[in-house]
Amino acid sequence: MTDRIEKSVEIAAPVERVWRALTDHEEFGQWFRVKLDQPFAPGAESTGHITYPGYEHVRWTAWIERMEAPRLFSYRWHPYAIDPAVDYSGEATTLVEFRLEPTEGGTRLTVTETGFDALPDARRPDALRMNDSGWAEQMRNIAAHVEG
Amino acid sequence: MSKAEAAAAVFAALADPTRMALVIRLGDGGARSIATLSVDARMTRQAVTKHLRVLERVRLVRSERQGRETRFALRPEGLAPARDWIETVGAQWEAALGRLKDLLESEKDLEGS
């Protein structure tokens, strides 16, 4: 059990090229499969709709946080927003962060998505801050203990 | 309820320091009375009961009556919707990053040819 997703990929292309593929809204749309209505800008809302087969009914809404070329791109969005009948605007958002690092062969791109439990770190009980991985570790321990 | 909604409900129930602390307190698998849990949490019985009912509604805890007491225990399988959702979203990210990699590396091949 974890409230954090972290995925990494090694891409044989320079950091600047990967940065453009992430932050140019048309290029982003191509691989993410979303048709975006406007370019990304820090602090601005990003709207559009998903083009992934079977999910065309899903609107894309994100709030761009940081664009620090060519190392960090981040936005917030609603992680559960797949039902067009539901208004998700009042619900918690998760934070998606893309980090780029130059490597010998090109670029290491790491994406993290955090905040599924919508609990800011400062409000977590002390017991959950005993180690780096916070309550994720605790939940794993609990599950292992009770299941075992 | 969709997978996403089930996961959102579990995460929402956990998104409170008191409820998270109760889940951890019950993490040893033992069943405890509201009286015991409210002493541990330094809260009134009414407040603890309210939080336990929230956890019960999303099936993270179960309650059983023992005589005049209600005892609460963790249902670890109640975490499954949250875990499944994290796995689904993780798989979607892997696929998206794979498409990005293919896109960028295929244009490199074009340049080279």
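Rules and cut-offs
- Residues numbered from 1 in each chain as written.
- Chains lettered and ligands numbered in written order.
- Predicted model: local features only at pLDDT ≥ 70, side-chain atom pairs only at ≥ 80, totals over all residues.
- Helix = DSSP H or I, 4+ residues; strand = E, 2+ residues; numbered from the N terminus.
- Buried ≥ 20, exposed ≤ 12 C-beta atoms within 10 Å, placed from the backbone.
- Contact = placed C-beta atoms within 7 Å.
- Core = buried A, V, L, I, M, F, W, Y, C linked by C-beta atoms within 7 Å.
- pLDDT = per-residue confidence, 0-100.
- Arc of directions from axis to C-beta.
- Pairing = 2+ DSSP bridges.
- Axes fitted to C-alpha atoms, helices over the stretch in contact; angles between N-to-C directions.

A. Layout of the overall build of chain A. Per the secondary structure count, chain A includes three helices and seven strands. If you list the helices and strands of chain A from N to C, you get β-α-α-β-β-β-β-β-β-α. Across the 148 residues in chain A, those meeting the buried criterion constitute 25%. Put simply, 41% of the contacts in chain A that link residues at least 6 apart link residues at least 24 apart.

B. Quick look at the nonpolar core. All names here are of chain B. Of all hydrophobic cores here, the largest spans 26 residues; its most connected members are V10, V23, L55 and L60. Those elements that provide at least two residues to this core are α1 (3–14), α2 (17–25), α4 (45–57), β3 (69–74) and α5 (80–112). The element that contributes the greatest number of residues to this core is α1, accounting for six residues. Not counting residues within four places of it along the chain, the set of residues in contact with L60 comprises V10, A13, V23, L55, L74, R75 and G78.

C. Structural view of the confidence of the model for chain A. Summing up the model confidence of chain A, the mean pLDDT is 81 and the portion of residues at 70 or higher is 73%. Counted against residues more than four places away or in other chains, residues 127–135 of chain A, with its pLDDT under 50, gives 13 contacts.

D. Fine view of helix α2 (residues 25–32) of chain A. Looking at α2(A), one finds that the buried residues are A:H25, A:F28 and A:F32. Considered in projection along α2(A), the buried side chains sweep an arc of 60° and stay on one side of the axis.

E. Spatial organisation of the sheet that holds β3(B). Residues and elements named next belong to chain B. Spatial ordering of the open sheet is given by β1-β3-β2, a layout of three strands whose pairing is antiparallel. For this open sheet the edge positions go to β1 (32–33) and β2 (61–66), each flanked by a neighbour on one side alone. Together, β2 and β3 form the strand contacts of α4, whose direction differs from that of β2 by roughly 120°.

F. Molecular detail of unusual backbone geometry. In the segment running from A:A69 into A:P70, the intervening peptide bond is cis, with an omega of -10°. Mapped onto the fold, A:P70 is located in the loop between β4 (59–68) and β5 (72–77). Residues other than glycine seldom take positive phi values, yet A:R33 does so here, at roughly 70°. Along the chain, A:R33 falls in the loop between α2 and β2 (34–36). Here the phi dihedral of B:R59 falls at roughly 65°; this positive angle occurs in a residue that is not glycine. If you trace the backbone, B:R59 turns up in the loop between α4 and β2.

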